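The residues making up each chain are set out below.
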Amino acid sequence: METFGTFEHGAWQKVGKAYDDFFGNLTTQSIEPLLDAAGIARGMKMLDIATGPGYVAAAAARRGAMVTGLDFSSEMVALASSRHPDIRFREGNAEALPFADESFDAVVICFGLLHFPDADQALREAFRVLRHGGRLGISVWATAERAVGFGIVLDAVQAHGNTNVGLPPGPSFFRFSEPQECRRTLQAAGFADPRTIEIAQIWRFPSVIAWIEGVERSTVRTAALLRAQTPEAYAGIRAAVEQRGQAYLKDDGRVELPMPAILTSATKP
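Okay, so let's go over this structure. (Residues numbered from 1 in each chain as written. Predicted model: local features only at pLDDT ≥ 70, side-chain atom pairs only at ≥ 80, totals over all residues. Heavy atoms only, no water.)

**What to know about the pattern of salt bridges**
- Tallying each qualifying case throughout the model produces 19 salt bridges.
- Residues R63 and D36 are paired through a salt bridge, measuring 2.7 Å at the closest nitrogen-oxygen approach. Taken together, the positions of R63 in the loop between helix 4 (55-62) and strand 2 (66-71) and D36 in helix 3 (residues 31-37) put the pair 27 residues apart, joining distant regions of the chain.
- Across the pair D105 and R131 runs a salt bridge whose closest N-O atoms are separated by 2.7 Å. Here D105, found in strand 4 (residues 104-110), pairs with R131, found in strand 5 (residues 130-141); they are 26 residues apart in sequence, far enough to count as distant. (Salt bridge = Lys/Arg side-chain N within 4 Å of Asp/Glu carboxyl O. Helix = DSSP H or I, 4+ residues; strand = E, 2+ residues; numbered from the N terminus.)

Set out below in structure tokens:
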């Protein structure tokens with residue numbers, strides 16, 4: 001059976017451009033607070049794990065940091081490198097970082113933890129490559145009840161479809177949405193003084209239909225879950241999502257969906 005890691009890697013080799021198109025205007029909204037939480041400043045050596053299209057790496061470089069961006073997808077690395085040729089990007093595994101101990105002043109992981117088969121190991125690796133006194137900053141989605149761009153779709157699948165469709169078992173999508181669990185896990189990895197804040201974000205689309213199509217084209221687990229439904233179940237899911245999406249319509253037909261980010265930072269003693 002395909003493993004979760006293989007499933008994720010294969011999908012991210014294909015959806016990089018779509019992710020950029022549909023998530024770029026969302027995930028960038030919390031980048032500056034994330035860099036603030038990690039204490040990013042001029043001259044610092046920073047590692048951006050799960051760099052994707054390089055949004056965080058580019059913002060840190062604008063602050064004068066010396067940035068390395070890492071992603072397990074060669075397609076994402078190519079996309080980031082084409083966008084930001086002056087920044088060093090490389091392919092690599094977050095659970096076995098290709099760097100020496102204490103190589104960086106700061107490490108950030110922007111919406112990447114949910115994609116790692118073993119997030120605890122990835123955090124131990126982040127701890128290893130940080131210098132003493134260095135800071136880690138991570139961002140994750142709020143719970144499904146509050147990150148409604150995901151929550152509405154998952155509720156509709158629960159009500160009208162089948163959640164057991166043979167996808168490789170993986171970690172909980174919203175494990176680190178609970179600040180207490182996030183802080184506990186960081187402390188178990190060796191970090192000290194974990195602090196959590198919430199950042200308001202809005203996911204904007206020209207229409208409800210554009211939002212649904214964006215989810216189907218640019219996500220991994222959720223898109224695979226939708227593709228695996230029967231035609232009858234998919235029709236019910238789609239109708240339910242369209243109906244609930246009406247609550248977030250603006251007068252001009254645009255849809256604006258609350259998608260808060262949970263930011264947690266901690267220090268390597």
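**Describing the sheet that holds strand 6 (residues 192-199)**
- What the 7 strands build is an open sheet, ordered 3-2-1-4-5-9-6; its pairing is mixed. Every interior strand has two partners, whereas the edge strands, strand 3 (88-91) and strand 6, have only one. For this sheet, the mean inter-axis angle between neighbouring strands, taken without regard to orientation, is 20°.
- Alignment of strand 6 against strand 9 (residues 261-267), held across 6 bridges, turns out to be antiparallel. Directly across from T196, in strand 9, lies its bridge partner T264.
- The strands that helix 5 (residues 74-83) touches are strand 2 and strand 3; relative to strand 3, the one it contacts most, it runs at about 170°.
- Against the sheet, helix 6 (residues 119-129) contacts strand 1 (45-49), strand 4 and strand 5, and its axis sits at roughly 145° relative to strand 5. (Pairing = 2+ DSSP bridges. Axes fitted to C-alpha atoms, helices over the stretch in contact; angles between N-to-C directions. Contact = heavy atoms within 4.5 Å.)

**As for the nonpolar core**
- Membership of the largest hydrophobic core comes to 66 residues, with the highest contact counts inside it found for I40, M46, W141, W203 and W211.
- Leaving out residues up to four positions away in the same chain, M46 has contacts with L35, I40, V56, A60, M66, V67, T68, F104, A106 and V108.
- In this structure, L47, I49, V129 and A266 belong to the second largest nonpolar core, which totals 28 residues. (Core = buried A, V, L, I, M, F, W, Y, C linked by side-chain atoms within 4.5 Å. Buried < 20%, exposed > 50% of the residue type's maximum accessible area, 1.4 Å probe, protein only.)

**Observations regarding unusual backbone geometry**
- At F111, a residue that is not glycine, the phi angle is positive and equals roughly 55°.
- If you trace the backbone, F111 turns up in the loop between strand 4 and helix 6.

**Concerning empty space enclosed by the protein**
- Applying the stated rule across the entire model yields 2 cavities of 30 Å³ or more.
- Quantified by volume, the largest cavity comes out at close to 70 Å³.
- Forming the walls of the largest cavity are V153, I212, V215, E216, L226, Y234, I237, R238 and V241.
- Top contributing element to the lining of the largest cavity by residue count: helix 11 (residues 231-245), with 4 residues.
- Grouping the amino acids of the lining of the largest cavity by side-chain chemistry returns 7 nonpolar, no polar and 2 charged.
- When its volume is computed, the second largest cavity comes out at roughly 50 Å³.
- L113, L114, V140, W141, S172, F173, F174, R175, F176 and S177 are the residues that line the second largest cavity. (1 Å grid on protein atoms, 1.4 Å probe; cavity = no way out; pocket = protein on both sides within 12 Å on 5 of 7 lines; lining within 4 Å. Points joined across faces, edges and corners; volume = space filled by probe spheres on them. Nonpolar A, V, L, I, M, F, W, Y, C, P; charged D, E, K, R; others polar.)

**Brief notes about the packing of helix 9 (residues 208-218) against helix 11**
- Where helix 9 meets helix 11, the closest approach of the two axes is 10 Å, and the angle between their N-to-C directions is 130°. As judged from the angle between their axes, helix 9 and helix 11 are oblique. Helix-helix and strand crossings are classified by hand; for helix 9 and helix 11 the assignment is right-handed. For the pair helix 9 and helix 11, contact is made by V208, I209, W211, I212, E213 and E216 and by Y234, R238, V241, E242 and G245, respectively. (Parallel < 35°, antiparallel > 145°, perpendicular 65-115°, else oblique. Left-handed = near helix turned anticlockwise from the far one by under 90°.)

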